[in-house]
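Residue-level structure breakdown
If you want the building blocks of each chain, they are given just below.
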Amino acid sequence: MQLTAEAGRRTGIRDTDGMAVASFVLGLLGLLVLNVFLGPTAIVLASVALWRGTARRGRALLGLGLGVADLVVLVAFMQADGTISWSF
C-alpha cells in the first residue's frame with residue numbers, strides 16, 4: 001500500500017512542477033499575445049503550484065510576476081487607446 005501512496009505523491013509533485021513551468025510560459029507568452037486570457041491563467045497556475053508546494057518555487061514566482069505584468073501591460077494599453085485589445 002505504501003508503494004501506491006509514494007507513486008501518488010511523486011505524480012502530485014510532478015503536476016505542481018508542471019503547473020509552475022506552465023505559468024511561466026503562459027505569462028511570458030501573455031506579454032505578446034492574448035494577455036487578457038493568459039495573464040490570469042498564469043496567475044492561477046502559479047498560485048496553485050505555490051500552494052501545493054512545488055519544487056520549482058522560483059519558476060512559479062516568475063510565472064506569477066509575469067501574469068501580473070500581463071495585466072499591467074493590458075491596462076496601460078487600454079488607457080492609451082481606449083479599447084480592450086491592443087496591437088503593435
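Residues numbered from 1 in each chain as written. Predicted model: local features only at pLDDT ≥ 70, side-chain atom pairs only at ≥ 80, totals over all residues. Heavy atoms only, no water.

**Things to note about the environment of Val-72**
Structurally, Val-72 is set in helix H3 (residues 57-81). A residue is classified by how much of its surface remains accessible, and Val-72, at 53% relative accessible area, is exposed. Counting along the chain gives 41 residues from Val-72 to Leu-31, while the straight-line C-alpha distance between them is 9.7 Å. (Helix = DSSP H or I, 4+ residues; strand = E, 2+ residues; numbered from the N terminus. Buried < 20%, exposed > 50% of the residue type's maximum accessible area, 1.4 Å probe, protein only.)

**Considering the packing of helix H2 (residues 35-51) against H3**
Running from N to C, H2 and H3 point in directions that differ by 155 degrees, and their axes come no closer than 8 Å. Between H2 and H3, the angle is such that the two are roughly antiparallel. When the axes of H2 and H3 are compared, the crossing they make is left-handed. Of the residues in H3, those in contact with Asn-35, Val-36, Leu-38, Gly-39, Pro-40, Ala-42, Ile-43, Ala-46, Ser-47, Ala-49 and Leu-50 of H2 are Arg-57, Ala-60, Leu-61, Gly-63, Leu-64, Gly-67, Val-68, Asp-70, Leu-71, Val-73 and Leu-74. Residue composition of the contact of H2 with H3, grouped by class: 15 nonpolar, five polar and two charged. (Axes fitted to C-alpha atoms, helices over the stretch in contact; angles between N-to-C directions. Parallel < 35°, antiparallel > 145°, perpendicular 65-115°, else oblique. Left-handed = near helix turned anticlockwise from the far one by under 90°. Contact = heavy atoms within 4.5 Å. Nonpolar A, V, L, I, M, F, W, Y, C, P; charged D, E, K, R; others polar.)

**Things to note about the packing of aromatic side chains**
Under the counting rule described, the total for this entry stands at zero aromatic pairs. Above the plane of the ring of Phe-24 lies Arg-59, whose end atom (NZ or CZ) is 5.7 Å from the centre. (Phe/Tyr/Trp six-rings, centres within 6.5 Å; stacked < 30°, edge-to-face > 60°. Lys NZ or Arg CZ within 6 Å of the ring centre and 35° of its normal.)

**Digging into H3**
Because an α-helix packs 3.6 residues into every turn, residues spaced three or four apart end up facing the same way. For H3, spanning 25 residues, the distance from its first C-alpha to its last is 36 Å, which sits close to the expected 36 Å at 1.5 Å a residue. Of the residues making up H3, those classed as buried are Ala-60, Gly-63, Leu-66, Gly-67, Asp-70 and Leu-74. Looking at the residues trailing H3, positive phi occurs at Gly-82, about 75 degrees. (Expected span 1.5 Å × (residues − 1).)

**Describing unusual backbone geometry**
Positive phi values are uncommon outside glycine, yet Leu-34 reaches one of about 50 degrees. Tracing the chain through its elements places Leu-34 in the loop between helix H1 (2-30) and H2.

**Focus on the side chain of Asp-70**
Among the structural elements, Asp-70 can be located in helix H3. Lacking a salt bridge, the buried Asp-70 has Arg-59 as its closest oppositely charged neighbour, with an N-O distance of 15 Å. A distance of 3.1 Å separates a polar atom in the side chain of Asp-70 from the backbone nitrogen of Leu-31. Discounting residues that sit within four places of it in the chain, Asp-70 has contacts with Leu-26, Gly-27, Gly-30, Leu-31, Asn-35, Leu-38 and Gly-39. (Lys, Arg positive; Asp, Glu negative; His and termini not counted. Salt bridge = Lys/Arg side-chain N within 4 Å of Asp/Glu carboxyl O. Polar contact = N/O pair within 3.5 Å; in protein donor to acceptor, adjacent residues only side chain to side chain.)

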